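Results of the structural survey
Here are the chains, one letter per residue:
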Amino acid sequence: MRQIKAWIMIGQIREQKKLSRKALSAGLCSAGTLCRYESGERIPDGLLFHCFMQRLGMNPEDFSVMLSAREYQYYVWKETVFEALQKQDWSEVKRLYCSGLAEDRSCNAKIQNQFYLYLSSVLAEKTEKDNEKMLRFLREAISETVPGCGDYGVDAYRLSVFEVGLLALYYYKGGMRHLIDPEEVHSRLKSLIDYTIRKVADKQEGAKLVPGMVCAMLHICGERMEPVERLSLEETAVKLLKESYRFYHLPELLRLYIKDLRQLDAGKAHVYEMQYQAFVEALGDAGYDTAFQPELLFDSRKQIYLLNEYILSCREAMGMTQVQMSMGICAVETYCRLERGKQMPHLKEGEAILERLKIGWGYFRGDLETTDYQAFEYLHQFKDASRREEWQKAGELIEEIRKRVDMESVNNRQFVGLMENQVAFATGRIDAEVFYQRDKALLELSVKEKNLKRTKFYYFSYVEIILHTHLANVLVIMGKDWEGIELLKRMLEKMEGSQVGFEYWWESIKLSIFNLANMLSDMGEYGESLKYMENFIDLCFRLSDGKFLGYGIGERALDLDKLEKTDKATCGRLLIQVFYLTDFYDLQVNHKMIQGYYEKYYDADKQWYG
C-alpha cells in the first residue's frame, strides 16, 4: 500500500503560499532541518508539526498526532494548566508549575521552554506582584521562537496562534502597567489583529486571537479611538465568534460592544445585553470567572493517538502475534517495548510497522489521506456549505475533492462516500433505508465486528466515528432507536479503553455523545442521558464550544425537568439561558424548540426581548 507522509504537505502548503523555508522555520529550527522534514528524511515531533501548521494558517485540529507515552504525559499536564488558568486557580497553576513535567524538555526544548516562561510570567504577576519580572519573562518567552522578539514587525515572520498571543499579551501587560507607551501598544495590537485577519484563514484559529486582542486594545486605547473604529473592531470579533461557534473572551467583548452600541442602536444593544447575561450566568454556574483574562492564551487541541496503543490495537485487530509483527523489522523484545510505550521506533522501524499494519498515514493523519493542500481547502468549504444546508454547492465541492484524492485509499473512499450519501439524503435522492445500507457498507470497509472483539480498545478514525453517528441517526429515523443507541455505546466503550481522554477527540466525538444522550432521553432514560450530558457540558466549557454548550444545557434542563431533580424555577432559568445562547449563534431550530417548550410548560406570556 502507498504510505502517505503527511508532513510532506508542510512543503506543499509553504510553496503554495510562496514562503521560504527560512521564513517558516525562523526561531524553530534551521532551514536545512525543515528541508529534511519536508522530504520525509526526518519526522517532526507533535509540538513542532502543530506549530508549523499554525504558522501556515491552518488548523492543527484537522490532523491527528501520534505521540509517545512520554509526550502524552506532557500534553495532559499542559491541558491541566490551561484548565487551572481558565478558572484563575493560581495556587493550582503554581503547583503544576513546580511539578517535574514543567521542567521536561524531551518533546521539543524550544516550544516547551516557551510555555514554561509564559507560565513564569503569569505567576510573577499573580503571586509575586512583580510586574517588571512578569514583562521580562514574557519577552524571554517570545524570544524563544520569534527572532528579534517581533521588533521588526509581524509581517517579517510567520507566527503561530500561541506566538501571536504572547506578543499581544506582552504589549497589553506593558501598557496596563505603564511600562510601554500607549501609542506603541495601539500600533502593535492593531498590527497583530490585522496580521491575524490576513494570515490566519481558519476561523477556529482566528477566534482564539482576535476577540482577546480587541478587548486588550480597547482597555488601553479605547478612549483615544473614534467610536466608529471601536465598533468596527468589536463587530469583527463578534462575527468571528459567531462563525466559529466559540466564546473566547466573549463576556468582556459583549460588554464593551454593548456600551458602544447603545449610542447608535438601543434595540440591538438590548438583544446583546440579554445574550451577555446568559453567557455570564452559564459561566458562573460552571465556576468560571467571566472577567477579562488576558493572560489566558488559547492553544489548539490536538487529536491524539498514543502510538504504542494504536500499534497494539491494530495488531490485535489483525490477529497477529508480537513475533509475527516484529519479524524482519526489529527484535521481538524491542517491539514489546514499543507496545508498552517504553520507547519510540526509529524512522525506518516505524514506517515498516505501520506498513505491516496497513496504516497509511505515518505519524499524522487527517480526514483525507492526501498531501494536496487544496483538497483540505475544499473540505472546509464543504463543511461550511453543509452547515448552511447549501446542498448544491456541497455536491460540487465533493466532486472537486474526488478529483484530487486517491480513491484507492479506503479512508478516502469512506469519506467521499459518506459526504455523497449525506447530500443525496438531504436532497431526497435516497431514502433512509438506502442511506443506512450505503453508510454501513462504507464502515465495513475498515471496521470488522470480529476484529473489534479481539481488541481491548480501538482507535476509530474521524470518518469511522462520523459513519457510526450517521448510522445511529438513520436507525432512529427508521424507528430502531435502541439499535442506534447500542451502536454508539459500543463505539464509545471501545474508545474509553484508551488512556486518551475524549477531550482530545472532541471535534470528532461530540456529535456522537450528544446524539446518544438525546436518543436516551427520547426513550425515557433521563437519568442515563443526564449522566452523558453533565460530562458533555463540562467539556463544552473547557473547550469554549458555544454551539454545543447551548445544546447541552438545553438537553440537561429537559432531563432535569423530567426527573424532577431540581425545582421548576431553576429549569426555567436554564432554558432561558439556552434561548439566548442559541440566539447569539443563530441556531434557529434549537432556539425555536426551546422557546416553544418554555412557553408551553412554563410561561406562555414570556416576553423574550421586552
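The model shown is predicted, which means the values in this text are computed figures rather than measured ones.

With that out of the way, let us pick up the sheet that holds strand 1 (residues 63-67). Strand order in the open sheet formed by three strands is 2-1-3, with mixed pairing between adjacent strands. Edge positions in the sheet fall to strand 2 (303-306) and strand 3 (364-366), since each of these pairs with one other strand and no more. On average, adjacent strands in this sheet sit at an angle of 25 degrees to one another, irrespective of strand direction. In the packing of helix 4 (residues 46-55) onto the sheet, the strands contacted are strand 1 and strand 3, and the crossing angle to strand 1 comes to about 160 degrees. The strands that helix 16 (residues 307-318) touches are strand 1, strand 2 and strand 3; relative to strand 2, the one it contacts most, it runs at about 65 degrees.

What follows deals with the packing of helix 23 (residues 432-443) against helix 25 (residues 462-477). Running from N to C, helix 23 and helix 25 point in directions that differ by 155 degrees, and their axes come no closer than 9 Å. On the basis of their axis angle, the class for helix 23 and helix 25 is roughly antiparallel. As helix 23 packs across helix 25, the resulting crossing turns out to be left-handed. Listed contacts from helix 25 to A432, F435, Y436, D439, K440, L442 and L443 of helix 23 are E464, L467, H468, H470, L471, V474, L475 and I477. Among the residues making up the contact of helix 23 with helix 25, the classes are represented as ten nonpolar, two polar and three charged.

Our focus in this paragraph is the packing of aromatic side chains. Counting across every chain of the model gives 43 aromatic pairs. Ring centres of F247 and F279 lie 6.3 Å apart, and the angle between their planes is 40 degrees; this geometry places the pair in the tilted category. In this pair, F247 sits in the loop between helix 13 (227-244) and helix 14 (250-261) while F279 sits in helix 15 (residues 266-285), placing the two residues 32 residues apart along the sequence. In this structure F247 comes out as buried when scored by relative accessible area, which is 6%.

Moving on: the nonpolar core. Within the largest apolar cluster, 225 residues are counted, with the highest numbers of intra-cluster contacts made by L85 and Y118. For this core, the leading source of residues is helix 9 (residues 161-176), giving ten residues. Residues in contact with L85, not counting those within four places in the same chain, are W90, V93, Y118, L119, V122, Q293 and L296.

Next up on the list: the pattern of salt bridges. Counting across every chain of the model gives 38 salt bridges. Residues participating in the shared-partner salt-bridge network are E125, K126, K173, R177 and E295.

Between the first and last C-alpha of helix 14 there are 16 Å, a value that for twelve residues agrees with the 16 Å anticipated at 1.5 Å per step. Among the twelve residues that make up helix 14, ten are buried, leaving the element largely enclosed by the rest of the structure. Taken residue by residue, helix 14 has L250, P251, E252, L253, L254, L256, Y257, I258, D260 and L261 as its buried positions. Buried residues belonging to helix 14 abut helix 12 (210-221), helix 13, helix 15 and helix 30 (568-584).

We now examine unusual backbone geometry. Trans peptide bonds make up the majority, and among non-glycine residues the majority have a negative phi. The phi angle at E564 is positive, at roughly 55 degrees, despite the residue not being glycine. Structurally, E564 can be placed in the loop between helix 29 (546-563) and helix 30. Judged by relative accessible area, E564 falls into the exposed class, the value being 68%. Not every positive phi belongs to a glycine, and D586 is a case in point at roughly 60 degrees. With respect to the helices, strands and loops of the structure, D586 is situated in the loop between helix 30 and helix 31 (588-601).

Burial runs high along strand 1: five of the five residues are buried. Because side chains alternate across strand 1, one face comprises the buried residues F63, V65 and L67, and the other comprises S64 and M66, equally buried. As judged from the three bridges shared by strand 1 and strand 3, these two strands associate in the antiparallel manner. From the neighbouring strand, F63 faces strand 3, where its bridge partner is G366. Here four bridges tie strand 1 to strand 2, and the two strands are oriented parallel to one another. When the sheet's bridge partners are listed, V65 is paired in strand 2 with I304.

Conventions used here
Residues take numbers from 1 onward in each chain, read along the sequence in its written order. Note on the predicted model: pLDDT of at least 70 is required for a residue's local features to be given, and 80 or more for side-chain atom pairs to be given and counted; whole-chain, interface and lining totals, by contrast, use all residues. For side-chain calculations, the full set of non-hydrogen atoms in the structure is used, while hydrogens and water are omitted. Paired strands, as defined in this entry, are two strands with at least two bridges between them according to DSSP. Strands are runs of DSSP state E lasting at least 2 residues, helices are runs of H or I lasting at least 4, and numbering of each runs from the N terminus. Lines fitted to C-alpha atoms define the axes here, with helix axes fitted over just the stretch in contact, and angles between the N-to-C directions of these axes take values from 0 to 180 degrees. By the convention used here, residues are in contact when the closest approach between their heavy atoms is within 4.5 Å. An angle below 35 degrees is read as roughly parallel, one above 145 as roughly antiparallel, one from 65 to 115 as roughly perpendicular, and any other as oblique. Handedness of a crossing follows from how the near helix is turned relative to the far one, being left-handed for an anticlockwise turn of less than a right angle and right-handed for a clockwise one. Residues were grouped as follows: Ala, Val, Leu, Ile, Met, Phe, Trp, Tyr, Cys and Pro as nonpolar; Asp, Glu, Lys and Arg as charged; and all remaining residues, including Gly, as polar. For Phe, Tyr and Trp, rings pair up if their centres lie within 6.5 Å, where Trp contributes its six-membered ring, and each pair is then called stacked (planes under 30 degrees apart), edge-to-face (over 60) or tilted (otherwise). Residue burial is assigned from relative accessible area. The probe radius is 1.4 Å, only protein chains are included, and a residue is buried under 20% of its type maximum, exposed over 50%, and partly exposed in between. Buried Ala, Val, Leu, Ile, Met, Phe, Trp, Tyr and Cys residues that are joined via side-chain atoms within 4.5 Å together make up what is termed a nonpolar core. The term salt bridge refers to a pairing of a side-chain nitrogen on Lys or Arg with a carboxyl oxygen on Asp or Glu at a separation within 4 Å. In this analysis, the expected span of each helix is defined as 1.5 Å times one less than the number of residues it contains.

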